[in-house]
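Examining the three-dimensional arrangement
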Amino acid sequence: MLYLQGMEQLLKQIADYKNEIETFSATDAKEIEEFRIKWLGTKGLVKNLMGEMKNVANDKKKEAGQLLNEFKQYTEAKFESLKELTTDTPQLTTNIDLSLPGDSIPVGSRHPIILMRNRIISIYQRLGFAVAEGPEIEDDWHNFTALNLPPHHPARDMQDTFYVQQNPDWLLRTHTSNTQIREMEKGKLPIRVICPGRVYRNETVSARSHCFFHQVEGLYIDENVSFADLKQTLYFFVKEMYGKDVRVRFRPSYFPFTEPSAEMDVSCFICGGKGCRICKHSGWVEILGCGMVHPNVLENCKIDSNKYTGFAFGMGIERPAMLKYDINDIRLFSENDVRFLKQFTSAV
Ligand code: DAH
């Protein structure tokens, strides 16, 4: 009778266990592992039940063995389905609190000088000007002599120069006009370029002036280029930069590298020309120097001045940027104070 008791017990036990397993559900990997240990581990209940085989009579062993195997497979299948559930929906098994604020990713911002430079460049690019760059450490020829400023020319005093101690022929360029010369010397005509860059002058640093700053130079050389072309180019620039209501005036001026030369003012875009602190109550703001390239400069670069003419202009970047962003101290541009720099996040 022993075997009957054994079989009955076995069947009842399997039924109870199946019931328990059937209704079991897990919410995380830890609970699944606990399930595995409890049922399928080396000291688990499945193994334990297998041990009951010894209470089963010999002629029933086969039947009991089948039942136990089937029960083992059932338990393993449940275990697999529990695992699948958690890999399909991993968020159920992690401890991440999705309601917490995320880590912020700091985003850099462009320097205001670069923003203003890019804006100036994009306006001239629309007129077909290409961008050219020249060296900041320059020789006397490209910065002065070729630009019709021979040694001892008094106009050299207009730009107080930093010289390189080891070689008196080398200096830090005082203007971007050096790049005009370098472009003309390449010998490919016509030329239509703008040349942005940093320039240096030995000036006392204050809220209004610095020993280095930035300029954009423009140069157009071709047959039949006239002063009218220069004016139209600059009118276009002013309209794009400051709007169509701004007025423009040219004043005669002197630069050794241009003849005739002029300076261009725009009506004060802060007060509309009525007069304010920015325009020193004149109603006008000076923005650039310009003129027709001097024949001597063309000849210095081996360009036939009887055949070709051209215009040039040079403007600072700091001043328009200061006016645009209401910056009252030029030194802020080079102090690298993040509190200042991070304010310029969008394009101009
Ligand atoms: N190089 C001049 C300066 O730094 C600016 C300038 C004036 C550039 C007239 C030019 C020009 O090309 O034609 O003050």
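Everything below is about the structure shown above.
Every residue gets a number counted from 1 within its own chain, in the order that chain's sequence is written. Local features are withheld for residues below a pLDDT of 70 in this predicted model, meaning they are given only at 70 or higher, and side-chain atom pairs are given and counted only at 80 or more; totals for whole chains, interfaces and linings count all residues. Hydrogens and waters are ignored; side-chain quantities use all the structure's heavy atoms.

1. Observations concerning the overall build of the protein chain
The line we're drawing: Helix and strand definitions here come from DSSP, where helices need a minimum of 4 consecutive H or I residues and strands a minimum of 2 consecutive E residues; each element is numbered from the N-terminal end. Atoms counted for the radius of gyration: C-alpha only. Globule rule: 2.2 Å times the number of residues to the power 0.38. Buried residues are those whose accessible area, probed at 1.4 Å on protein chains only, stays under 20% of the maximum for their type, while exposed residues exceed 50% and partly exposed ones sit between those limits. What makes two residues a contact is simply this: any of their non-hydrogen atoms within 4.5 Å. Surface exposure here means Shrake-Rupley accessible area, sampled with a 1.4 Å probe, where a residue is shielded only by the protein chains that are shown. None of His or the chain ends enter the tally, which takes Lys and Arg as positive and Asp and Glu as negative. Throughout, a charge is located at the NZ atom of Lys, the CZ atom of Arg, the CG atom of Asp or the CD atom of Glu.
For the protein chain, the count of helices and strands is eleven helices and nine strands. By the compact-globule yardstick of 20 Å for 348 residues, the protein chain is too spread out, its C-alpha radius of gyration being 42 Å. If you line up the protein chain on its principal axes, its C-alpha atoms span 130 × 45 × 40 Å. Residue burial in the protein chain is summarised as follows: out of 348 residues, 39% are buried. A sequence separation of at least 24 residues applies to 67% of the contacts in the protein chain between residues at least 6 apart. With the model as given, the accessible surface of the protein chain reaches about 20200 Å², and the carbon-plus-sulfur share is 51%. Where the 43 positive side-chain charges of the protein chain centre and where its 46 negative ones centre are 3 Å apart.

2. Some remarks on helix α2 (residues 29-40)
An α-helix turns once every 3.6 residues. As a result, residues three or four positions apart point the same way. Heads up, the condition is: One less than the number of residues in a helix, times 1.5 Å, gives the span that helix is expected to have. What the arc measures is the spread of directions leading from the helix axis to the C-beta atoms.
For α2, with twelve residues, the first-to-last C-alpha span of 16 Å sits near the 16 Å given by 1.5 Å per residue. Along α2, the residues classified as buried are Ile32, Phe35 and Trp39. In a view along the axis of α2, the buried residues occupy a sector of 55°, so they form one face of it.

3. Section: the environment of Asn95
Relative to the elements of secondary structure, Asn95 occurs in the loop between α4 (61-88) and α5 (112-125). Between the alpha carbons of Asn95 and Gln125 there is a distance of 55 Å; along the sequence they are 30 residues apart.

4. Details of the side chain of Asp139
Note the cut-off: Salt bridges are counted wherever a side-chain nitrogen of Lys or Arg sits within 4 Å of a carboxyl oxygen of Asp or Glu. Polar contacts here mean pairs of N or O atoms no more than 3.5 Å apart (in protein, one a potential hydrogen donor and the other a potential acceptor; neighbouring residues in sequence count only if both atoms are side-chain atoms).
By secondary structure assignment, the location of Asp139 is in strand β2 (residues 137-139). For the buried Asp139, which has no salt bridge, the nearest side chain bearing the opposite charge is Arg182, at an N-O separation of 4.0 Å. At a separation of 2.7 Å, a polar atom in the side chain of Asp139 contacts the side chain of His142. Setting aside residues no more than four positions away along its own chain, Asp139 makes contact with Asp169, Trp170 and Arg182.

5. What to know about the pattern of salt bridges
Applying the stated criterion to the full structure yields 17 salt bridges. Between Arg249 and Asp265 there is a salt bridge, with its nearest N and O atoms 2.9 Å apart. Within this pair, whereas Arg249 is found in strand β6 (residues 248-255), its partner Asp265 is found in strand β7 (residues 258-267), the two being separated by 16 residues in sequence. Residue class for Asp265 comes out buried when judged on its relative accessible area of 2%.

6. Observations regarding the site of the ligand
What counts, and what does not: Nearness is judged by heavy atoms alone; a residue qualifies as near a molecule or strand once a single heavy atom is within 4 Å of it. Any residue that is not Ala, Val, Leu, Ile, Met, Phe, Trp, Tyr, Cys, Pro, Asp, Glu, Lys or Arg is counted as polar, Gly included; the first ten are nonpolar and the last four charged.
The immediate surroundings of the ligand are formed by 16 residues, with His175, Gln180, Arg201, Gln215 and Glu217 found nearest. Taking Arg201, its side chain carries an N or O atom lying 2.8 Å from an oxygen atom of the ligand. When contributions to the shell around the ligand are tallied by element, the ones reaching two or more residues are α7 (177-185), β5 (212-222), β8 (284-293) and β9 (309-316). Partitioning the shell around the ligand into residue classes produces five nonpolar, nine polar and two charged.

7. Re the sheet that holds β7
Put simply, the rule is: Here, any two strands with at least 2 DSSP bridges between them count as paired. For helices, the axis comes from a line fit to the C-alpha atoms of the stretch in contact; other axes are also lines fit to C-alpha atoms, and the angle between any two N-to-C directions lies between 0 and 180 degrees.
Strand order in this open sheet of seven strands is β1-β4-β5-β9-β8-β7-β6, and the pairing throughout is mixed. Edge positions in the sheet fall to β1 (130-131) and β6, since each of these pairs with one other strand and no more. In this sheet, β7 lies alongside β6 in antiparallel orientation, the contact comprising seven bridges. Looking across to β7, one finds that Phe250 is bridged to Met264. Across the face of the sheet, α7 comes into contact with β4 (191-200), β5, β8 and β9 while running at roughly 35° to β5.

8. Remarks on unusual backbone geometry
Following Leu189, the chain continues into Pro190 via a peptide bond in cis, with omega recorded as -5°. Position of Pro190 relative to the elements: it lies in the loop between α7 and β4. For His152, which is not a glycine, the phi torsion comes out positive at approximately 75°. Its place among the elements puts His152 in the loop between α6 (140-143) and β3 (170-172). One non-glycine residue, Asn336, lies in the positive phi region at around 55°.

9. Focus on α5
Spanning 14 residues, α5 covers 20 Å between terminal C-alpha atoms, matching the ideal 20 Å at 1.5 Å per step. For α5, every residue scored as buried is listed here: Pro112, Ile113, Leu115, Met116, Ile120, Ile121, Ile123 and Tyr124.

10. Some thoughts on a positive patch on the surface
Heads up, the condition is: Residues qualify for a patch when their relative accessible area is over 30% and they have no salt bridge, like charges being joined within 9 Å and the nonpolar side chains of Val, Leu, Ile, Met, Phe, Trp and Tyr within 5 Å.
Judged by side-chain charge, Arg208, Arg277, Lys280 and Arg319 come together as a positively charged surface patch. Along the chain, Arg277 falls in the loop between β7 and β8. According to the relative accessible area criterion, Arg277 is exposed, its value standing at 64%.

11. Some details on the pairing of β9
With eight bridges connecting them, β5 and β9 associate as antiparallel partners. The residue bridging Val216 from the neighbouring strand is Met315, located in β9. Pairing of β8 with β9 involves five bridges; the strand directions are antiparallel. Residue pairing across strands places Cys290 opposite Phe313, the latter belonging to β9.

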